[in-house]
Amino acid sequence: MSGAANRSAYGVREVNFDGLVGPTHNYSGLAVGNVASMSHGGLVSNPKEGALQGLLKMKSLMEAGYAQGVLPPQQRPDIGALRDLGFSGSNHAVLTRAAADAPQLLRAVCSASSMWTANAGTVTPSIDAPDRRVHFTPANLQSSFHRFLEPQTTGRVLQAIFHSEQHFAHHPVLPATPAFSDEGAANHTRLCGEYGEPGVHLFVYGRQAFGDVRSGEREPKRYPARQTLEASQAIARQHGLSEAQTVFAQQHPDAIDAGVFHNDVIAVGNGPVLLYHEMAFLDEEGTLDELRRKMTTPLIPVRVPIEAVSLEDAVASYLFNSQLLSNPDGTMTLVVPSECQEREAVWRTVQDYLLAGNNPISDVVVKDVKQSMRNGGGPACLRLRVVLSEAERAALTGRVLLTNDLYEDLTAWVNRHYRDRLATQDLADPKLAEESLTALDELTKLLQVGSVYPFQLG
Ligand code: SUG
């Protein structure tokens, strides 16, 4: 059966599930090794604008014909986490004491970081899994405290939406310990022909936990490597992926030290195309060779040399954190953050090299997601890619696939509940916590996903 016939038979499509920006979105400088987060800590944020920017991106991609889904944000402030850390009394008392005694903890439990759903988990499409179900593992995000608070609710949200046991399989979060440090799909790329054809899974890791002493010499010196080889291998095992279906490649340590804290800050793949910077992989040739050997369709590498885009430009513009989307005529559209237009070398590379080059990328769409970008989250961070057949899409629970009506409802919901100004001092305001819970309670009804938040579960 040809690729096209295969696709039409099962209607397999990639659905981008974007994370909604939560009501407590703020700039707290929490992410070590993430240059944007570190440099914007302390700025006043605009959660309403952030959420609306995200919704506009989703809407425009839906209107262009791409399948678009949405995932709810998490319960913040996570007052339960503060209670676990010894703060007690009423919610008001917990927030006030944390603000006075441990402001860094208060900032962490208020982070709206779940918006970056590329870090929500790793997903394997059913066509690649031995049991022909879609497999999910929420990422443990143990590298930072504010993100370590996400996986439990992420797991509940994924299980609520991908509920049908016939179609979906959910795995436990990996042990939240440095050896199994996992940041989800941000370090995972599936390369294939048509989406409905078998794919090869490229897992990119920053360090090896149980390696020999020599491997330590090739680790970053300045910033942490967030993904381990052992975590990536465990996920491949959980999902039933064989050696023939997987490639494990080490990220270049110099790139991590320049602020490339996830592979998706320096490479993006879609179908047979791998768009990457020459400093993405420690062993560039070896990685490409293995991909070529294992893929059943010819790999189309699109390599951006360091002379064209420096690591600094790559990190500042987030060129590689673009979404690469397939069009029905075989071309691809690159959805770049507007910061790419602000860097001359980057914009020139987009025009003269990517668009003019001999590759399927035929057009570029520019999106303004500045509220997220200031925390180091570009268009690709904001979405979790889930390849689904028609039957799997029909088996989704809730109202999570974007339509005009859902867009209107979500926009009105944001306008009703969100603030347009949030400084770090505002995080202790008990009214913010109340507003946030009221908004989220309403959201779960709007999305029809049932009770997923700790405050709803009692
Ligand atoms: O984990 N920033 C996130 C950004 C994640 C981007 N995701 C991908 N590349 N897939 C992080 O570093 C900053 C929060 C703050 O500083 O307030 C933050 O967590």
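So, a few notes on the structure that sits alongside this text. Since this is a predicted model, take the numbers as computed values, not measurements.

Reading the values: rules and limits
- Residues numbered from 1 in each chain as written.
- Predicted model: local features only at pLDDT ≥ 70, side-chain atom pairs only at ≥ 80, totals over all residues.
- Heavy atoms only, no water.
- Helix = DSSP H or I, 4+ residues; strand = E, 2+ residues; numbered from the N terminus.
- Rg over C-alpha atoms; globule rule 2.2 N^0.38 Å.
- Buried < 20%, exposed > 50% of the residue type's maximum accessible area, 1.4 Å probe, protein only.
- Contact = heavy atoms within 4.5 Å.
- Areas by Shrake-Rupley, 256 points an atom, 1.4 Å probe, with all protein chains shown as cover.
- Lys, Arg positive; Asp, Glu negative; His and termini not counted.
- Charge placed at Lys NZ, Arg CZ, Asp CG, Glu CD.
- Core = buried A, V, L, I, M, F, W, Y, C linked by side-chain atoms within 4.5 Å.
- Pairing = 2+ DSSP bridges.
- Axes fitted to C-alpha atoms, helices over the stretch in contact; angles between N-to-C directions.
- Near = heavy atom within 4 Å.
- Polar contact = N/O pair within 3.5 Å; in protein donor to acceptor, adjacent residues only side chain to side chain.
- 1 Å grid on protein atoms, 1.4 Å probe; cavity = no way out; pocket = protein on both sides within 12 Å on 5 of 7 lines; lining within 4 Å.
- Sits in = over half its atoms within 2 Å of the grid points.
- Nonpolar A, V, L, I, M, F, W, Y, C, P; charged D, E, K, R; others polar.

### A look at the overall build of the protein chain
For step 1, the next point in the chain: The helix and strand inventory of the protein chain stands at 20 helices and 15 strands.
For step 2, the next point in the chain: Scaling as 2.2 N^0.38, a compact globule of 458 residues should have a C-alpha radius of gyration of about 23 Å, and the protein chain matches this with 21 Å.
For step 3, the next point in the chain: Counting only C-alpha atoms and orienting by the principal axes, one finds that the protein chain spans roughly 60 × 50 × 40 Å.
For step 4, the next point in the chain: Split into buried and exposed, the 458 residues of the protein chain put 60% on the buried side.
For step 5, the next point in the chain: Considering only intrachain contacts with a sequence separation of at least 6, the fraction spanning at least 24 residues in the protein chain is 75%.
For step 6, the next point in the chain: Accessible area of the protein chain: about 17,300 Å², with a carbon and sulfur share of 50%.
For step 7, the next point in the chain: Here the protein chain carries 39 positive and 51 negative side-chain charges, and the mean point of each set is 3 Å from the other.

### Notes on unusual backbone geometry
For step 1, the next point in the chain: R76 connects to P77 through a cis peptide bond whose omega is 0 degrees.
For step 2, the next point in the chain: Backbone geometry places Y318, a non-glycine residue, at a positive phi of 60 degrees.
For step 3, the next point in the chain: Note that Y318 resides in the loop between α13 (311-317) and β12 (323-326).

### With respect to the nonpolar core
For step 1, the next point in the chain: Formed by 73 residues in total, the largest nonpolar core has its most connected members in F17, F162, L291 and L410.
For step 2, the next point in the chain: In terms of nonpolar packing, the next biggest core, distinct from the first, is built from 18 residues, V273, L275, V304 and V336 among them.

### Looking at the sheet that holds strand β10 (residues 273-277)
Strand pairing in a sheet is mediated by backbone hydrogen bonds. Such pairs are either parallel or antiparallel.
For step 1, the next point in the chain: The strand order across the open sheet formed by three strands is β9-β10-β11, and the pairing between neighbours is mixed. With one partner strand each, in any of the chains shown, β9 (267-270) and β11 (300-304) form the two edges of the open sheet. Ignoring which end each strand starts from, the neighbouring axes of this sheet average 10 degrees apart.
For step 2, the next point in the chain: Looking at chain direction, β10 and β11 are connected through five bridges and run parallel. Of the residues in β11, the one forming a bridge with L274 is P301.
For step 3, the next point in the chain: Its contacts with the sheet place helix α12 (residues 284-294) against β10 and β11, and it is angled at close to 175 degrees to β10.
For step 4, the next point in the chain: Sitting on the sheet, helix α15 (residues 344-355) is in contact with β10 and β11, with an inclination near 145 degrees to β11.

### Some thoughts on the site of the ligand
For step 1, the next point in the chain: Close to the ligand lie 20 residues; L30, S37, H146, D264 and C381 are nearest.
For step 2, the next point in the chain: In the model, an oxygen atom of the ligand is placed 3.1 Å from a nitrogen or oxygen of the S28 main chain.
For step 3, the next point in the chain: Within the contact set of the ligand, an oxygen atom lies 2.9 Å away from a side-chain nitrogen or oxygen of N34.
For step 4, the next point in the chain: Computed on the free molecule, the ligand has an accessible area of 490 Å², of which 99% lies beneath the protein chains in the complex.
For step 5, the next point in the chain: Among the detected pockets, the ligand sits in the second largest cavity.
For step 6, the next point in the chain: Broken down by class, the residue content of the shell around the ligand amounts to seven nonpolar, 10 polar and three charged.

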